[in-house]
Amino acid sequence: GNFANRRNHFRGYWMCLSCTFFLTELTKSTVERKRPNYNDASVRGKNTDKKSFFSSHSSLSFATATYISFYSYKNSQGLCSKYGIPILVESAAGWIAWTRINDNWHHASDVLIGSMVGITVAAVTYNFYNADYSLALNIKPNFFSIAYKY
């Protein structure tokens, strides 16, 4: 019913944010790329870390915008909400990503990769939690099968 649908979307959205955040922080901690303003900020006495790759603002904003876009497109009846909401939220995510480059906090590649990660994670989690199919594994000694139901 409607409650189960909302519950799946809620779970899917939080999994989307959790996976995006985890991948972003894991990559930042592993790569440790300096921010473009790292030397300038340190000279001015601002406390900044050097973890620039990839942008968490970009990854999380595009993950949120993409998940909302999928939800709105699939569940809305009117043209305004079916197409207007996705345009609005994706534009907002794009603006957030652009400000990270414009304000000299990230290299363009940080923002581009972060945006792509957010979009990809949102697409995977949305489809996993809200798809009209099921996948079942059957593992027994000397036997293995995968059942796909659409």
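That block above? That's the structure.
Before going into details, it helps to say that this report is about the structure given with it. Computed from a predicted model, the values in this text were never measured in an experiment. (Residues numbered from 1 in each chain as written. Predicted model: local features only at pLDDT ≥ 70, side-chain atom pairs only at ≥ 80, totals over all residues. Heavy atoms only, no water.)

1. Focus: the environment of S81
By the secondary structure assignment, S81 is in helix 4 (residues 79-102). Take S81: its relative accessible area is 24%, and that puts it in the partly exposed class. Spatially, the C-alpha atoms of S81 and S69 are 9.6 Å apart, while their sequence positions differ by 12 residues. Leave out the neighbours within four places in its chain, and S81 touches S72, S76 and P86. From its side chain, S81 meets the backbone oxygen of G78 in a polar contact 3.4 Å long. (Helix = DSSP H or I, 4+ residues; strand = E, 2+ residues; numbered from the N terminus. Buried < 20%, exposed > 50% of the residue type's maximum accessible area, 1.4 Å probe, protein only. Contact = heavy atoms within 4.5 Å. Polar contact = N/O pair within 3.5 Å; in protein donor to acceptor, adjacent residues only side chain to side chain.)

2. Considerations on the side chain of S76
Within the fold, S76 resides in the loop between helix 3 (56-75) and helix 4. A relative accessible area of 15% places S76 in the buried class. If we ignore the near neighbours within four places in the chain, the residues touching S76 are Y71, S81 and K82.

3. Observations regarding a nonpolar patch on the surface
On the surface, a nonpolar cluster with roughly 460 Å² of combined accessible area is contributed by Y73, L79, Y83 and I87. It is helix 4 that provides the largest number of residues to the nonpolar patch, a total of 3 residues. Mapped onto the elements, Y73 comes out in helix 3. The exposure class of Y73 is partly exposed, given its relative accessible area of 43%. (Patch = residues over 30% accessible without salt bridge, like charges linked within 9 Å, V, L, I, M, F, W, Y side chains within 5 Å. Areas by Shrake-Rupley, 256 points an atom, 1.4 Å probe, with all protein chains shown as cover. Salt bridge = Lys/Arg side-chain N within 4 Å of Asp/Glu carboxyl O.)

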